[in-house]
Amino acid sequence: MTPHAMSEPLQFESTRPRILIPEKVSPDGLALLQPHYDVDIKLSLSAEDLVSIIPAYQGLIVRSETKVTAEVLQAGRKLKVVARAGVGVDNIDVPAATAQGIIVVNSPSGNILAAAEHTITLLLATARNIGRADGTVKQGLWERSKLVGVEVGHKKLGIVGLGKVGLNVARMAKGLGMTVIAVDPYANPDMARQAGVELATNLKEILPVIDFLTIHTPLLATTMDLISKDELRMMKPTARVLNVARGGVYNEAALLEALDEGYIAGAGLDVFTSEPPAADSVAHTLASHPKVVATPHLGASTVEAQENVSVDVCTQVVAILRGGLPTSAVNAPIILPEEYNKLQPAVLLVEKMGSLYTQHFARNKDRMVGGRKFELVYHGDLAGMPNTKPLLAALIKGLVSSFSETYVNIVNATLIAKEKGITISETHDHDSKNQTYSNAVTLRSYPTPTGSGIQAQVIEGYAADRRLYISKLDRFHAAFRPEGTMIILHNYDEPGKIGGVGTVLGSHGINIRFMQVASLDLASGRNTPLTSEQADREALMILGVDGDVTEPVMEGLRASEGVLDVSLVTL
């Protein structure tokens, strides 16, 4: 019988590393692997089968269907690399891989053009009612009068997230004669100007004036339900929305209501909160709606994109198994093992600090006037480390990942910082008197240009026993672990405040995992226009929560007496 790729490998000892591929991958990529490694293609493995056989492999290459869980990674004692033949790594437990010292790579640029083209495809399809027209003609009907569309030339397209996909969409839309307005706090103004894109300060500014809206951001607590009922109500009744990014950035129930009641005209959707949409779910009803052009997650499904991502990730797998550097590592940067062991806690800490900065201090562009200058100050043993490039890469990754699809690693960090207008300096504090923790870092941020009297936004943190802590947030002393979903309230410290906040959260079914009140550092000065008596009573309340923190929850907290500001952070 002729051997088949699905058959069990021959039972002999091979000195070559083994690579498992449980999904279809383009032959162009496989051709790079097979001369050097034993490649086993085993399609349709169950979760139990994967855990059972993974201990024999040094490499694992997946697409979107295989779930690479912590259990799989722990079983893969020989694993050196997990590669995702695509952009997102939602199906891979990246923190668990990092803890195991397993490199996770992807192909962030292989399907950029495909995703951008599909966005434009849906834009045109919704404008000209292509889905309904095709369906009725196939039914033998000829309903021209019911299917009158709109032209896209001279119309306005709003883009949220001007990363590589968003920028390609913008350029294509400009070619169609559209005006393009984008919202992205880290967009490079020069690059946007060269592409003919106008940068807006916030989402609410563009919603009333645009004719089409497309979103190209990751799915986080801050982008979940980014477009909900209030946002849809702000749009023109002739406007149409597009989603080729992540299911969940639009609130599906709100979008369905908007289509039913006619306060938006249509939608082009490639992604949903459940895929395929479960029967009787809102997603299923939405996909079946006559005003929706729906496709089954085809954003990256072109022959060229599949070839590109396959060749990209297989090239990286070859490099890693040979001891080289990948070009798109999505977790820890690759350095010498002894350096990595010392730096790993600090790398994770600095990435968390960067993400905390973006989500707490820079929630919209109004809080990000121009570029920013960041300073990393290393204390204790970190001050003596010769290689701190992984820490720079970790900071840039944390800063941009909350609002961009860009994946950052040690190879591309400097370029991405330049593209985003981020300037970073490093200070090695050898004379620090506080030597309690060997992995202590201070992050300071200044507007540019800086001037006299301008105070820095500050985050301080440290790692102890592989656990991460934030010890200072702006002008407030703290001691909390940066993980999960957190609500940070800036308020007056007065009796009854905790009870009031608890009442708001309890009324929405939000459970509090932990709570800390951070006190004001009186020596740090103040930026708020408060009286001395008011400022002395300022505090931060940091709440770790479980549950769906919706905009009504946030509005309820903002309306609480004595609350000055509220931010939602997920780490």
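Residues numbered from 1 in each chain as written. Predicted model: local features only at pLDDT ≥ 70, side-chain atom pairs only at ≥ 80, totals over all residues. Heavy atoms only, no water.

The protein is annotated in an unreviewed UniProt entry as D-3-phosphoglycerate dehydrogenase of [Torrubiella] hemipterigena. Check the Sequence similarities (unreviewed entry) section of the UniProt entry for the protein; it says "Belongs to the D-isomer specific 2-hydroxyacid dehydrogenase family." (UniProt positions renumbered as here; feature names shortened; annotations may be inferred.)

Caption draft 1: Main features of the overall build of the protein. Of regular secondary structure, the protein possesses 19 helices and 22 strands. By residue count, 51% of the 571 residues in the protein fall in the buried class. Sequence separation of at least 24 residues holds for 69% of the intrachain contacts in the protein that already meet a minimum separation of 6. When the accessible area of the protein is evaluated, it comes to approximately 25900 Å², of which 53% is carbon and sulfur surface. (Helix = DSSP H or I, 4+ residues; strand = E, 2+ residues; numbered from the N terminus. Buried < 20%, exposed > 50% of the residue type's maximum accessible area, 1.4 Å probe, protein only. Contact = heavy atoms within 4.5 Å. Areas by Shrake-Rupley, 256 points an atom, 1.4 Å probe, with all protein chains shown as cover.)

Caption draft 2: Representation of the packing of helix 17 (residues 497-507) against helix 19 (residues 551-558) in the model. In the contact formed by helix 17 and helix 19, the axes pass within 10 Å of each other and the chain directions differ by 160°. By the angle between their directions, the pair helix 17 and helix 19 is classed as roughly antiparallel. The element helix 17 and its partner helix 19 pack so that their crossing is right-handed. Seen from helix 17, the contacting residues are V501, V504 and L505; seen from helix 19, they are V553, G556 and L557. Grouping the amino acids of the contact of helix 17 with helix 19 by side-chain chemistry returns five nonpolar, one polar and no charged. (Axes fitted to C-alpha atoms, helices over the stretch in contact; angles between N-to-C directions. Parallel < 35°, antiparallel > 145°, perpendicular 65-115°, else oblique. Left-handed = near helix turned anticlockwise from the far one by under 90°. Nonpolar A, V, L, I, M, F, W, Y, C, P; charged D, E, K, R; others polar.)

Caption draft 3: Quick look at the pattern of salt bridges. This model, assessed by the stated rule, comprises 16 salt bridges. The shortest N-O distance in the salt bridge between R16 and D38 comes to 3.0 Å. Of the two residues, R16 sits in the segment before strand 1 (18-21) while D38 sits in strand 2 (residues 38-41), which places them 22 residues apart along the sequence. Its salt-bridge partner being E143, residue K146 comes within 3.8 Å of it at the nearest N-O pair. The class of K146 is exposed, set by a relative accessible area of 56%. (Salt bridge = Lys/Arg side-chain N within 4 Å of Asp/Glu carboxyl O.)

Caption draft 4: Up close: the environment of P277. Within the element layout of this structure, P277 appears in the loop between strand 11 (266-269) and helix 12 (282-287). Along the backbone, P277 and A287 are ten residues apart, and their C-alpha atoms lie at a distance of 7.9 Å. Dropping the residues within four chain positions of it, P277 is found in contact with F272, A283 and H284.

Caption draft 5: Representation of empty space enclosed by the protein within the structure. Using the criterion set out here, one finds one cavity of 30 Å³ or more in the structure. Looking at the largest cavity, the residues that line it are N243, G247, G248, Y250, E252, L255, L269, V271, F272 and L286. Residue classes in the lining of the largest cavity are distributed as six nonpolar, three polar and one charged. (1 Å grid on protein atoms, 1.4 Å probe; cavity = no way out; pocket = protein on both sides within 12 Å on 5 of 7 lines; lining within 4 Å. Points joined across faces, edges and corners; volume = space filled by probe spheres on them.)

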